[in-house]
Amino acid sequence: MIRDKPWWPWLKRALTFAFFALVIGLLVKYARGVDWGDVKESLLALPRHVLWEAAALCACSHLLYSCFDLVGRRYTGHRLRVPQVMQVNFISYAFNLNMGSLVGGVAFRFRMYSRLGLATATITRVLTLSMLTNWLGYLLLAGIVFTVAPLALPPDWKLDSEGLQLLGIVLLALALTYLLLCGWSKKRSWTLRGHELLLPRPTMAIVQLAMSCANWMIMAGAVHVLLQGKVPYSDVLSVLLVAAVAGVITHVPAGLGVLEAVFVALLSHRVPDAQLLAALLGYRALYYIGPLLAAAVMYLSVELRARKQLPVPQRP
């Protein structure tokens, strides 16, 4: 009697191939959507010292975001090395920015952390806390900015400045509610789709808010530098925060066109369109495209190392 060959290794190879095919397909689709000629001309039109300053700020932002999963490391108590965690975080964030959270934030984290030996429940908790960290800082920062200094919105927008101020109050209340829950809630855990989520301690919650707020402010700083001071920093920060929500609502990978559309709609009366678009394309090249290329190379290196470490199957 001939023994049936095990089906799991073949299924695993098929899923791996499908995953790579999806990533390659999305990379190709993304590359076709970028006008590389405009990106090149925009970068060449900007002074070199401006590019270096903006590039340094973009690098600082990516470095800081790469530490978000370190909060999850402390939260879950897993023992992966700090450089490993930061590498996974950087790669997933770069792909997340350009291709959406489902591919970058979720798929890449699960694949790489699984390869490093983390259990699914642990990965879920790290992922959840990282996403929460990012948006908690947004809630606090946007709440303060929209409440204290609401931006004048175009008349054809459904939301006016008073509505933006009201939204800011709601966002600020949500961020403060989280802090209050972490500090005084008697219930410390919830179950989400079969996974237990523990409420962080107040110190960790404050660290989350500080890291995320700093990251959003550094991102706005990069755009402000590329605009060469033509718009006050506070206004650039406000527009970036509005554009971030618009990008999430539209579900467009990398916010292609959304970021530019929001900035043009809100700032074109203060900065010529050509200069505004040049700065934004420069920002897209430095903050989105450059890190994506670096992340793709790093991910390929990770996969090749993992393949070399696989045990060689023994012949019967």
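Owing to the predicted nature of the structure, the values given are computational and were not obtained by experimental measurement.

A. View of the overall build of the protein chain. Each helix and strand counted, the protein chain has twelve helices and two strands in total. Put simply, the protein chain runs from its N terminus to its C terminus through helices and strands in the order α-α-α-α-α-α-α-α-β-β-α-α-α-α. The 316 residues of the protein chain split such that 43% are buried. Look at the contacts in the protein chain between residues 6 or more apart in sequence, and 68% of them connect residues 24 or more apart.

B. A look at the side chain of Gln208. Along the chain, Gln208 falls in helix 9 (residues 202-226). Classification of Gln208 by relative accessible area gives buried; the value is 0%. Setting aside anything within four residues of it in sequence, one finds Gln208 in contact with Val71, Leu129, Leu132, Thr133, Leu136, Tyr178 and Pro200.

C. A look at the packing of helix 7 (residues 120-148) against helix 8 (residues 161-184). Two elements in contact, helix 7 and helix 8, have axes whose closest approach is 7 Å; the angle formed by their N-to-C orientations is 135°. Here helix 8 runs oblique to helix 7, going by the angle between their axes. Helix 8 is crossed by helix 7, and the crossing has left-handed handedness. On the side of helix 7, the interface is formed by Leu132, Leu136, Tyr138, Leu139, Leu140, Ala142, Gly143, Ile144, Phe146 and Thr147, while helix 8 contributes Leu164, Gln165, Leu167, Gly168, Ile169, Leu171, Leu172, Leu174, Ala175 and Tyr178. Each residue belonging to the contact of helix 7 with helix 8 can be placed in one class, and the counts come to 16 nonpolar, four polar and no charged.

D. Examining the nonpolar core more closely. By size, the foremost hydrophobic cluster in this structure holds 64 residues, and its most contacted members are Phe146, Leu241, Phe263 and Tyr283. In this view, Tyr283 contacts Cys58, Met219, Ala222, Val223, Leu226, Leu240, Leu259 and Tyr288; residues no more than four positions away in its chain are not counted. By size, the runner-up hydrophobic cluster in this structure holds 18 residues, among which are Val85, Phe90, Ala94 and Val126.

E. Layout of the confidence of the model for the protein chain. Within the protein chain, residue pLDDT values average 81, and 75% of them lie at 70 or more. Helix 9 holds the highest mean pLDDT among the elements of the protein chain, 96, whereas helix 1 (residues 8-33) holds the lowest, 55. Segment residues 311-316: pLDDT under 50, and zero contacts once partners within four positions in sequence are set aside and those in other chains are kept.

F. Geometry of the side chain of Ser130. Checked against the element boundaries, Ser130 lands in helix 7. Residues contacting Ser130, with those up to four places away along its chain left out, are Tyr65, Phe68, Asp69 and Arg109.

G. Region of interest: helix 5 (residues 82-99). In this model, helix 5 (18 residues) spans 25 Å end to end at C-alpha, consistent with the 26 Å of a helix rising 1.5 Å per residue. Residues Val85, Val88, Asn89, Phe90, Ile91, Ser92, Tyr93, Ala94, Phe95, Leu97, Asn98 and Met99 constitute the buried set of helix 5. Just downstream of helix 5 lies Gly100, where phi reads positive at about 95°.

H. Region of the structure containing the packing of aromatic side chains. Considering all chains together, one arrives at eleven aromatic pairs under this definition. Centre to centre, the rings of Tyr138 and Trp216 are 5.3 Å apart; their planes meet at 65°, and the pair counts as edge-to-face. Of this pair, Tyr138 sits in helix 7 while Trp216 is found in helix 9, placing the two residues 78 residues apart along the sequence. As far as the burial class goes, Tyr138 and Trp216 line up, both buried. For the pair Tyr287 and Tyr288, a centre-to-centre distance of 5.9 Å together with 65° between the ring planes defines the contact as edge-to-face. The class of Tyr288 is buried, set by a relative accessible area of 10%. Members of the aromatic cluster, connected to one another through ring pairs, are Tyr65, Phe68, Tyr93, Tyr283, Tyr287 and Tyr288. The ring centre of Tyr288 lies 5.0 Å from the NZ or CZ of Arg284, which sits over that ring.

I. Spatial organisation of unusual backbone geometry. Positive phi is not limited to glycine here, since Gln228 has a value of about 55°. Tracing the chain through its elements places Gln228 in the loop between helix 9 and helix 10 (233-250).

J. Structural view of the pattern of salt bridges. Overall, the coordinates contain four salt bridges when judged by the stated rule. The residue Arg111 makes a salt bridge to Glu303 at a minimum N-O spacing of 2.9 Å. On the criterion of sequence distance, the pair formed by Arg111 in helix 6 (residues 102-115) and Glu303 in helix 12 (residues 273-309) is long-range, its members being 192 residues apart. Assessed through its relative accessible area of 4%, Glu303 is described here as buried. Put simply, Asp235 and Arg270 hold a salt bridge, and the shortest N to O gap is 2.7 Å. One end of the pair, Asp235, is in helix 10; the other, Arg270, is in the loop between helix 11 (258-267) and helix 12, with 35 residues separating them in the sequence.

K. View of the environment of Glu260. With respect to the helices and strands, Glu260 occurs in helix 11. Each C-alpha atom of the pair Glu260 and Leu277 lies 6.9 Å from the other, and the pair is 17 residues apart in sequence.

L. Spotlight on the environment of Ser189. Tracing the sequence through the fold places Ser189 in strand 1 (residues 189-192). Under the relative-accessibility criterion, Ser189 is labelled partly exposed at 26%.

What counts and how
- Starting from 1, residues in each chain are numbered consecutively following that chain's sequence as written.
- Residues qualify for local features only when their pLDDT is at least 70, as the model is predicted, and side-chain atom pairs are given and counted only at 80 or more; totals for whole chains, interfaces and linings, by contrast, use all residues.
- In computing side-chain values, all of the structure's heavy atoms are included and hydrogens and water are not.
- The helix count covers DSSP runs of H or I at least four residues long, the strand count covers runs of E at least two residues long, and both are numbered beginning at the N terminus.
- Burial classification: accessible surface area is computed with a 1.4 Å probe over protein chains only, and a residue below 20% of its type maximum counts as buried, one above 50% as exposed, and the rest as partly exposed.
- A contact between two residues is defined here by any heavy atoms of the two lying within 4.5 Å.
- Axis definition: a line fit to C-alpha positions, over the contact stretch in the case of helices; interaxial angles, taken between N-to-C directions, run 0 to 180 degrees.
- For this classification, under 35 degrees means roughly parallel, over 145 means roughly antiparallel, 65 to 115 means roughly perpendicular, and everything else is oblique.
- By definition, any crossing whose near helix is turned counterclockwise from its far helix by less than a right angle is left-handed, and any crossing with a clockwise turn is right-handed.
- Put simply, Ala, Val, Leu, Ile, Met, Phe, Trp, Tyr, Cys and Pro go in the nonpolar bin, Asp, Glu, Lys and Arg in the charged bin, and everything else, Gly too, in the polar bin.
- We call a set of buried residues a nonpolar core when its members are Ala, Val, Leu, Ile, Met, Phe, Trp, Tyr or Cys and they connect through side-chain atoms within 4.5 Å of each other.
- In predicted models, pLDDT denotes the confidence assigned by the predictor to each residue on a 0 to 100 scale.
- By this rule, a helix spans an expected 1.5 Å times one less than how many residues it contains.
- Paired rings are identified among Phe, Tyr and Trp, the last through its six-membered ring, by centres lying within 6.5 Å, and are further divided according to the angle between planes into stacked (under 30 degrees), edge-to-face (over 60) and tilted (the rest).
- We call a charge positioned over a ring when the NZ of a Lys or the CZ of an Arg lies within 6 Å of the ring centre and within 35 degrees of the ring normal.
- In what follows, salt bridge is the name for a side-chain nitrogen of Lys or Arg lying within 4 Å of a carboxyl oxygen of Asp or Glu.

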